[in-house]
Amino acid sequence: MSNKKRRDLLLLMLILLCFQVLCFQVQLKAQDDSAYKEIPVGVILNMRSWVGKTIHSCISIALSEFYKFNDHYQTRIVLHNRDTQGETLHALRIALDLLEQTKVEAIIGSDSTAEAKFHTVLGDEARIPILSLSPTPSSHNHPYFLQIAQDETIQFKGIAAMAESYGWKDLIVVCEDTYNGRDMATFMANAVGEKSISVTYRSLISTSASDELVQEELQKLSTMQTKVFVLHTSPSLASYLLLNAKDLGMMDEGYKWIITSKTMDFLNILDGEVMESMQGVVGFRSYIPQSADLHKFTWKWRKEYGGKNINSYGIWAHDAVLALAMAVEKQVLKSNMKNLEMTGSSQRDTALLNQMLRISFQGLGGVFQFRNGRITTHVLEIVNVIGKGEKRVGFWTTEAAFIKNLGFCADVFLAAFAALGQDVAFDFIPIRNNTKVGEIDYNDLIDEVHSGEFDAAIGDITITANRSLYVDFTWPYTDLGLATLSRTVDASMWIFMEPLSSNLWLVSACFFILLALVIWILEHRTNQEFQGSRGQQVGTTIWFAFSTLVYAQRQELQSNLSRFVVIVWLFVVLVLTSSYTATLSSLLTIQQIQLASKRNLIGYAHSFQLGDVRSFTPGTRLESYITLEAYANDLSRGSKKGGVDAIIDEIPYIKAFLAEYRSGYSMTISEATTNGFGFAFARGSPWAPEISRQIAGLRADGTLNKLENKWFNQESVDSVPTTKILSFKDLRGLFVISGVSMAAALFLFMLYLVHEKLHFSYTMLARGKLAFIMRFLMRKS
């Protein structure tokens, strides 16, 4: 056999061997991939709607990302998607097929109210969790029906409270002419009736009503004495109604429109014409707190699907499917798959449901946790439609009624408990003081925890030595110490001089003159551009030196020594101008706070002891304040107009102020004279050290910082840094380098001149001697 054939045979054998190894690796990978248990889960959505498509995409991305970071899980949820095509009966048939044929272990349902009613019965019969995105509340008699969308009736109390605050005594409710719409109209009437407000008329409009019927109904509403309307319909019907109402002049001044979350949750998909018709309306919208994780997920969703902003339904579905994945995994670990491997609805038990009800974690929509079969978040955002967007005007919570900003403290508390991974239910009871708005006696609250009336107290409670005698505090979860809030100072007309100290200005000017002198010395003998009358020479050299500041020198240098000096000097100018620009920008954007002098008036928080404030600002006149609105009002006026020039308060309060009033005010942090905020537990409670450890963990992994960014817009409320003014000491090295280069150039130039003079003298002397010899020889001859 020839050598060539041997080589070909060896190559063929090597290829076959590599192929066998590859097949073996693929087989091992397939075996590894099949090591986990696949859990079938049904997804029933109307894929013809934008909402259905959004929910489906969010669920898909959520599971993909979740298992990517939890590849050690022994289970994998496998989605079985079904399209209802908007038909309720078709949705029922689909659900039955998923239960009987696919043997799904759970079902995620759409936002359809009609479909949800069927699912409640199916969940009980099949004994599997039904995760419904319907906002319509269901009876507590259906334990397997888990409502993952926010209850739409919660906002009705908020509408009643709003009507009461404005003194409205009558309302007109506009709902859909459906079974659910009639129920919601009744819920609304009952809610406002508790505030002694009557619903004078219930307008029920069919979703398939013609133009004539809609206009006829609106004409009738326009003739009624009541001009306050509450609109609770689907986005499509709401758009149709609002456009016709605008044409009839019912959106003009004198009419009041309140639109519920049933429409406002989809505000981002309404077209421009509808938005224009909604100008001035107030709406309640499900609140999704902003976070870094939410922005990251939204960016990925847009990249893959190219849609608009994700609405609340997509976020709720995302968190729900993650909760289901966690529950399935925990159940497998607990029961070694015994329950999950059973078939037939009669053999199913409550194991997976119980795991779902125990799940608690920080999701994109906030803390995800069930209570009585519903998610526990009860926060609504109140927005005012302006232009092509909306402006947030506040929040509504069932615990704290109307507020302009939510309680950061509660979010930290829930996040700390969620990190524990224990099944703990909370009953939040708001504490209010009946004397002054915004004033709470925290010492009384501590006494109530000490006496056992409450298990814990959360809120803006400062840790003090005296309070620690009666309760156990957790570690602080906020910044320590006091800060001073003040208006930003108007820029001085001479602020452009401030980036450099006076000695640096003087040294810089001297070096420009020195550069001019050096360049003149090096160039004027041979360079015609530096010659002429004395005045012309002085003007040219000074112009050349200062033009280097903007690299605009036009005179051509002939000496290499001059070029060397200028190159070094241009480097000095580059550093000097860059430093000047950076410092000036800092001074212009973050203006220094000028604390009030002894003649001015200083404000302080009402919760402080007057003696403590006097020790902090000795010799100043003081004024007590309660609300953030009062802070802004008197700071804007200043002490000369009856206000104050600065306010002293704890850092978290000032951050909350700056989050709401983002321009015109600044904060300087003082020494850590207070211990920050902490959660108070009864003495000896095991929760205090546990939550303290979790707070430390939240601070270490960045969660605490994310929560601060979410609530206080941290990027806009950080304390004002001290801007360092550049001095000669800071840049003396540059001037030393430039000075040395100038001195070296002058030294070399002087050596050259001396050498030139000596050479000239030697030449002249030699010529003289030669002439003398020639004359001597001529005489001899």
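Residues numbered from 1 in each chain as written. Predicted model: local features only at pLDDT ≥ 70, side-chain atom pairs only at ≥ 80, totals over all residues. Heavy atoms only, no water.

As named in an unreviewed UniProt entry, the chain is Glutamate receptor, taken from Centaurea solstitialis. Taken from UniProt, the Function (unreviewed entry) comment for the chain reads in full: "Glutamate-gated receptor that probably acts as non-selective cation channel." We quote the UniProt Sequence similarities (unreviewed entry) comment for the chain here in full: "Belongs to the glutamate-gated ion channel (TC 1.A.10.1) family." (UniProt positions renumbered as here; feature names shortened; annotations may be inferred.)

What the chain contains, in helices and strands, is 24 helices and 24 strands. Residue burial in the chain is summarised as follows: out of 781 residues, 46% are buried. A separation threshold of at least 6 residues defines the contact pool for the chain, and within that pool the share at least 24 residues apart is 72%. Accessible surface, the chain: about 40600 Å² in total, of which carbon and sulfur atoms supply 56%. (Helix = DSSP H or I, 4+ residues; strand = E, 2+ residues; numbered from the N terminus. Buried < 20%, exposed > 50% of the residue type's maximum accessible area, 1.4 Å probe, protein only. Contact = heavy atoms within 4.5 Å. Areas by Shrake-Rupley, 256 points an atom, 1.4 Å probe, with all protein chains shown as cover.)

Before going further, it helps to examine the sheet that holds strand S24 (residues 680-682). Pairing between the strands of a sheet comes from backbone hydrogen bonds, and it takes one of two forms, parallel or antiparallel. With antiparallel pairing, three strands are arranged side by side in an open sheet as S17-S24-S18. Of all the strands in the sheet, the pair left with one neighbour each is strand S17 (456-457) and strand S18 (471-473). Across three bridges, S18 lies against S24 in antiparallel orientation. What sits directly across from Asp472, in S24, is Phe681. (Pairing = 2+ DSSP bridges.)

Space inside the second largest pocket adds up to approximately 1100 Å³. Around the second largest pocket sit 31 residues that line it, and Asp293, His318, Leu322, Gln362 and Leu364 are the ones nearest its centre. Secondary-structure elements contributing two or more residues to the lining of the second largest pocket are helix H2 (50-69), helix H11 (292-305), helix H12 (312-335), strand S11 (360-363), helix H14 (408-420) and helix H23 (703-712). If you tally residues by element for the lining of the second largest pocket, the top one is H11, at six residues. Of the residues belonging to the lining of the second largest pocket, the class tally is 17 nonpolar, seven polar and seven charged. (1 Å grid on protein atoms, 1.4 Å probe; cavity = no way out; pocket = protein on both sides within 12 Å on 5 of 7 lines; lining within 4 Å. Points joined across faces, edges and corners; volume = space filled by probe spheres on them. Nonpolar A, V, L, I, M, F, W, Y, C, P; charged D, E, K, R; others polar.)

Bringing the environment of Leu248 into the picture now. Mapped onto the elements, Leu248 comes out in the loop between helix H8 (235-247) and strand S9 (256-259). When sequence neighbours within four positions are dropped, the list of residues in contact with Leu248 reads Gln215, Leu218 and Gln219.

The subject of this paragraph is the UniProt feature "transmembrane region" (unreviewed entry) in the chain. Here, the residues flagged by UniProt with the feature "transmembrane region" (unreviewed entry) are residues 504-522, 534-552, 564-590 and 734-754. End-to-end, the C-alpha atoms of residues 504-522 are 26 Å apart, and along that stretch the chain is 100% helix and 0% strand. Each end of residues 734-754 is marked by a C-alpha atom, and these two atoms are 30 Å apart; helix forms 100% of the span and strand 0%.

What the rule picks out here adds up to 16 aromatic pairs. Here Phe229 and Tyr255 contribute two aromatic rings whose centre-to-centre distance is 6.2 Å and whose plane-to-plane angle is 15°, an arrangement assigned as stacked. Placement of the pair is Phe229 in strand S8 (residues 228-232) and Tyr255 in the loop between H8 and S9, with a sequence separation of 26 residues. Of the two residues examined, Phe229 and Tyr255, each falls in the buried class. Considering the side-chain rings of Phe368 and Phe370, the 5.2 Å spacing of their centres and the 85° angle between planes classify their relative orientation as edge-to-face. Taken as a pair, Phe368 and Phe370 share a single burial class, namely buried. An aromatic cluster is defined as three or more aromatic residues linked by ring pairs; in this entry it consists of Phe413, Tyr477, Phe679 and Phe681. Above the plane of the ring of Tyr36 lies Arg76, whose end atom (NZ or CZ) is 4.5 Å from the centre. (Phe/Tyr/Trp six-rings, centres within 6.5 Å; stacked < 30°, edge-to-face > 60°. Lys NZ or Arg CZ within 6 Å of the ring centre and 35° of its normal.)

Below, the discussion takes up the nonpolar core. Judged by nonpolar contacts, the single largest core of 51 residues is most densely connected at Ile55, Ile59, Leu131, Tyr313, Leu324, Met356 and Phe368. Of all the elements in the fold, those that place two or more residues in this core are strand S1 (37-45), H2, strand S3 (106-109), H11, H12, helix H13 (351-358) and strand S12 (366-371). With residues near it in sequence (within four places) discarded, Ile55 still touches Leu45, Leu133, Tyr313, Gly314 and Ala317. Within the second largest apolar cluster, 32 residues are counted, among which are Phe417, Leu420, Val449 and Phe679. (Core = buried A, V, L, I, M, F, W, Y, C linked by side-chain atoms within 4.5 Å.)

Among the surface-exposed residues, Ile513, Val538, Ile542 and Phe546 lie close enough to one another that they form a single nonpolar patch of about 340 Å² accessible area. When residues in the nonpolar patch are grouped by element, the largest group, three residues, is from helix H17 (residues 534-547). Along the chain, the position of Val538 falls in helix H17. We classify Val538 as exposed; its relative accessible area is 51%. (Patch = residues over 30% accessible without salt bridge, like charges linked within 9 Å, V, L, I, M, F, W, Y side chains within 5 Å. Salt bridge = Lys/Arg side-chain N within 4 Å of Asp/Glu carboxyl O.)

Counted according to the given criterion, the structure contains ten salt bridges. The salt bridge involving Glu164 is made with Lys195; its shortest N-O contact spans 3.6 Å. Note that Glu164 is positioned in helix H5 (residues 154-166) and Lys195 in the loop between helix H6 (179-193) and strand S7 (198-205), a separation of 31 residues in sequence. Judged by relative accessible area, Lys195 falls into the partly exposed class, the value being 34%.

A positive phi is found at Arg127, a non-glycine position, where the angle reads about 60°. As for its position among the elements, Arg127 is in the loop between helix H4 (113-126) and strand S4 (130-132). The backbone of Asn372 sits at a positive phi, close to 55°, despite the residue not being glycine. For Asn372, the position within the fold is in the loop between S12 and strand S13 (374-375).

What follows covers H5. Along H5, the residues classified as buried are Ile154, Gln155, Phe156, Gly158, Ile159, Ala160, Ala161, Met162 and Ala163. In the segment just after H5, Gly167 is the residue with positive phi, at about 75°.

Between the first and last C-alpha of H8 there are 18 Å, a value that for 13 residues agrees with the 18 Å anticipated at 1.5 Å per step. Buried within H8 we find Pro235, Leu237, Ala238, Ser239, Leu241, Leu242, Asn244 and Ala245. A positive backbone phi angle near 80° is found at Gly249, which sits one or two residues after H8. (Expected span 1.5 Å × (residues − 1).)

S1 sits mainly inside the fold: seven of its nine residues count as buried. Summarising the sheet, S1 and strand S2 (residues 75-83) pair through nine bridges and their orientation is parallel. Bridge pairing in S2 places Leu45 opposite Asp83. Since S1 and S2 lie parallel, the crossover through H2 that links them has a hand, and here it is right-handed. (Right-handed = clockwise from strand over helix to strand, strands pointing away.)

Let's shift gears to the confidence of the model for the chain. Regions with low pLDDT should not have their predicted coordinates read in detail. Chain-level pLDDT for the chain is 78 on average; 77% of the residues reach the 70-or-more range. Mean pLDDT values over the elements of the chain span from 53, in helix H19 (residues 610-616), up to 95, in S8. Segment residues 714-722: pLDDT under 50, and 20 contacts once partners within four positions in sequence are set aside and those in other chains are kept. (pLDDT = per-residue confidence, 0-100.)

Bringing the packing of helix H7 (residues 211-222) against H8 into the picture now. At a minimum axis distance of 10 Å, the contact between H7 and H8 shows a crossing angle of 60°. Classified by the angle between their axes, H7 and H8 sit oblique to one another. For the crossing formed where H7 meets H8, the hand is right-handed. Of H8, the residues touching H7 (which contributes Asp211, Val214, Gln215 and Leu218) are Tyr240, Leu241, Asn244 and Ala245. Its residues placed into classes, the contact of H7 with H8 shows five nonpolar, two polar and one charged. (Axes fitted to C-alpha atoms, helices over the stretch in contact; angles between N-to-C directions. Parallel < 35°, antiparallel > 145°, perpendicular 65-115°, else oblique. Left-handed = near helix turned anticlockwise from the far one by under 90°.)

Within the secondary structure layout, Ser277 lies in helix H10 (residues 272-277). Relative accessible area serves as the criterion here: at 1%, Ser277 is assigned to the buried category. Within the structure, the side chain of Ser277 is placed 2.6 Å from the backbone oxygen of Val274, a separation counted as a polar contact. (Polar contact = N/O pair within 3.5 Å; in protein donor to acceptor, adjacent residues only side chain to side chain.)

Where helix H3 (residues 88-102) meets H4, the closest approach of the two axes is 10 Å, and the angle between their N-to-C directions is 20°. By the angle class used here, H3 and H4 are roughly parallel. Here H3 and H4 pass one another in a crossing that is right-handed. Each of Thr88, Ala91, Leu92, Ala95, Leu96 and Leu99 in H3 lies in contact with H4, whose residues at this interface are Ala114, Glu115, Phe118, His119, Leu122 and Ala126. Grouping the constituent residues of the contact of H3 with H4 by class yields nine nonpolar, two polar and one charged.

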